Amino acid sequence: MTIRSGNIDRSTRLCRGVLCLDDFEMKARRHLPKPLFGYIAGATETNASLRHNAEAFQAYAFRPRVLRDVSTRSTETSLFGKTHAAPFGIAPMGISALMAYRGDIVLAQGADQSGIPMIISGSSLIPLEEIAAASPQAWFQAYLPGEPDRIDALIDRVAAAGIGTLLLTVDTATLPNRENNVRAGFSTPLRPGLRLAWQGISHPSWTTGTFLRTIARHGIPHFENSYATRGAPIISSNVMRDFGRRDHLNWTHLEQIRKRWSGRLVVKGIMHPEDAARAADTGADGVIVSNHGGRQLDGTTSPLQVLPEIAARVGDSIAVMIDGGIRRGTDIMKALALGARFVFVGRPFLYAAAVAGLPGVLKAADILKAELHSNMALLGVTRVTDISADYITRA
């Protein structure tokens, strides 16, 4: 995908005044229709887990070391044998192409140009083959179908696309109670009506720059990657989305996938040390400690709270990663100090893509990298691997 210079200039202007990742959220709130912004920003029921994710970082404080030569510091990080520019990547986020024009490809290209990994969502509206062609280094996140033959078909499709890292999200045994989506007027598929029409009229920049542009060039978006076959359209008055039954899935299904999948295997949604150990024993190469951004079981504790115990349980046998509530370079350092090898950031990158496209994604990555680079100097370390529990304490 190419972006014309006029669009780049406009997107660059939209990034002006953005000093931190939270600034993109404020801009996205104005730019996106209320149902779409609500889908990104919201969680489940009381949003307790969403709050826990952010508040957990405030429970820790740093113990910096001084008078150390930090002039040669670097944010470079090795993960699965590949060197990245920084120890963070872009988390999987569904229906990104409804928030930003060609959103998944924009996120993937921004990650590539920033030297960080990006994870394609199983709920994306662009075929994974197109995204992988634009970003061969991208990972793919799968929501497991409920039937063994459909699992095999999806795994084979991902392998045929040349993707090297498969990530399984395992905290979706059933649909959560996302009443916030209902209140905001969001559903999948979206239902045409006067309320939705008014949101389009009152947000002309999104309507013309993302929605109508997408339909004109690519037709009505569909859920493309939940299964080996195409799913429901994103807008329909009578079609229902096939979520499939997953409440019977268990560790034998992970074993089935490990036998069939020859690439790197990561399990996302781990919140208990025994589950992390079971994933390692099953052959996973890594786990992502995550409560799904607070979007599944409301009241689940934050990933940061359970991270030290999980990291201690599995040691160096697999890569321990984390997502949820990370907004600053200091948040990244706290996660690394508590045992994470790598972190993933979701919502802020989607806000950035929605507001300013590729320049927004690049800007968001640059902000995090710059914060981390300067904060490492203030902490007194030169390498990401130097950040340990010795530099942190309970606030």
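Scroll up for the structure.
Residues numbered from 1 in each chain as written. Predicted model: local features only at pLDDT ≥ 70, side-chain atom pairs only at ≥ 80, totals over all residues. Heavy atoms only, no water.

Participant: Help me understand helix H6 (residues 103-114), please; the structure alone is not making it clear to me.
Facilitator: Think of an α-helix as turning once every 3.6 residues; residues three or four places apart then point the same way. With twelve residues, H6 extends 16 Å from end C-alpha to end C-alpha; this agrees with the ideal 16 Å at 1.5 Å per step. Taken together, the buried positions of H6 are occupied by Gly103, Asp104, Ile105, Val106, Leu107, Ala108, Gln109, Gly110, Ala111 and Ser114. Those residues of H6 that are buried are in contact with strand S4 (88-90), helix H5 (96-99), helix H7 (128-134) and helix H16 (347-379). Directly after H6, the chain includes Gly115, whose backbone phi takes a positive value near 75°. (Helix = DSSP H or I, 4+ residues; strand = E, 2+ residues; numbered from the N terminus. Expected span 1.5 Å × (residues − 1). Buried < 20%, exposed > 50% of the residue type's maximum accessible area, 1.4 Å probe, protein only. Contact = heavy atoms within 4.5 Å.)

Participant: I keep staring at the pairing of strand S9 (residues 286-289) and nothing clicks. Help me out?
Facilitator: Sheet faces and side chains relate simply in a regular strand, where the side chains alternate between the two faces. Across the two faces of S9 the burial is the same, with Gly286 and Ile288 and Val287 and Val289 all buried. Here four bridges tie strand S8 (residues 264-270) to S9, and the two strands are oriented parallel to one another. When the bridges of S9 are listed, Val266 appears paired with Gly286. Between the parallel pair S8 and S9, the chain is carried across by helix H13 (residues 273-282), and the sense of this crossover is right-handed. (Pairing = 2+ DSSP bridges. Right-handed = clockwise from strand over helix to strand, strands pointing away.)

Participant: Looking at this structure, I do not really get the sheet that holds S8. What am I missing?
Facilitator: Pairing between sheet strands relies on hydrogen bonds along the backbone, with the strands arranged either parallel or antiparallel. Pairing within the open sheet is parallel, and its eight strands lie in the order S4-S11-S10-S9-S8-S7-S6-S5. Two strands in the sheet have a free side with no partner beyond their single neighbour: S4 and strand S5 (119-120). Note that S4 and strand S11 (residues 342-345) share three bridges and pair parallel. Paired with Gly89 across the two strands is Phe344, which belongs to S11. Sheet strands touched by H16: S4 and S11. Its angle to S4, the strand with the most contacts, is close to 170°. (Axes fitted to C-alpha atoms, helices over the stretch in contact; angles between N-to-C directions.)

Participant: How should the packing of aromatic side chains be read in this particular structure?
Facilitator: Centre-to-centre distance and the angle between the planes together describe a pair of aromatic rings. Within this structure, the stated rule accounts for seven aromatic pairs. Consider the rings of Phe88 and Phe349, whose centres lie 6.5 Å apart with planes at 25°: the pair is stacked. A residue pair is termed long-range when its members are at least 10 positions apart, and Phe88 in strand S4 and Phe349 in helix H16 qualify at 261 residues. Assigned by exposure class, Phe88 and Phe349 land together as buried. The side chain of Arg295 reaches across the aromatic face of Tyr39, ending 4.7 Å from its centre. (Phe/Tyr/Trp six-rings, centres within 6.5 Å; stacked < 30°, edge-to-face > 60°. Lys NZ or Arg CZ within 6 Å of the ring centre and 35° of its normal.)

Participant: It is not clear to me how the packing of helix H8 (residues 148-160) against helix H12 (residues 251-260) should be interpreted in this structure. Could you clarify?
Facilitator: When two helices pack together, their arrangement is given by the angle between the helix axes and by the axis-to-axis distance. For the pair H8 and H12, interaxial distance at closest approach is 11 Å and the crossing angle is 35°. Remark: the crossing between H8 and H12 carries right-handed chirality. Two secondary-structure elements touch here, H8 through Pro148, Ile151, Asp152, Ile155 and Asp156 and H12 through His253, Gln256, Ile257 and Arg260. Residue composition of the contact of H8 with H12, by class: four nonpolar, two polar and three charged. (Left-handed = near helix turned anticlockwise from the far one by under 90°. Nonpolar A, V, L, I, M, F, W, Y, C, P; charged D, E, K, R; others polar.)

Participant: What am I meant to see in the pattern of salt bridges here?
Facilitator: Pairs can form between side chains of opposite charge whenever their charged atoms are close. According to the stated counting rule, one finds 13 salt bridges in the structure shown. The salt bridge partner of Glu179 is Arg183, with a shortest N-O separation of 3.5 Å. With a gap of four residues between them, Glu179 and Arg183 both fall in helix H9 (residues 179-184), about one helical turn apart. Linking Arg328 and Glu371 is a salt bridge whose minimum nitrogen-to-oxygen distance equals 2.9 Å. With Arg328 in the loop between strand S10 (319-323) and helix H15 (329-337) and Glu371 in helix H16, this pair connects stretches of sequence that are 43 residues apart. Salt bridges here are not isolated pairs; linked through shared partners, they connect Asp152, Asp156 and Arg260. (Salt bridge = Lys/Arg side-chain N within 4 Å of Asp/Glu carboxyl O.)

Participant: What is the right way to look at the side chain of Arg347 in this model?
Facilitator: Its place among the elements puts Arg347 in helix H16. In this structure Arg347 is buried but unpaired, with Glu25 as the nearest side chain of opposite charge at 7.3 Å. In this structure the side chain of Arg347 is engaged in a polar contact, spanning 3.1 Å, whose partner is the backbone oxygen of Gly42. Residues in contact with Arg347, not counting those within four places in the same chain, are Ile40, Ala41, Gly42, Leu50, Met93, Gly293, Arg295 and Arg327. (Lys, Arg positive; Asp, Glu negative; His and termini not counted. Polar contact = N/O pair within 3.5 Å; in protein donor to acceptor, adjacent residues only side chain to side chain.)

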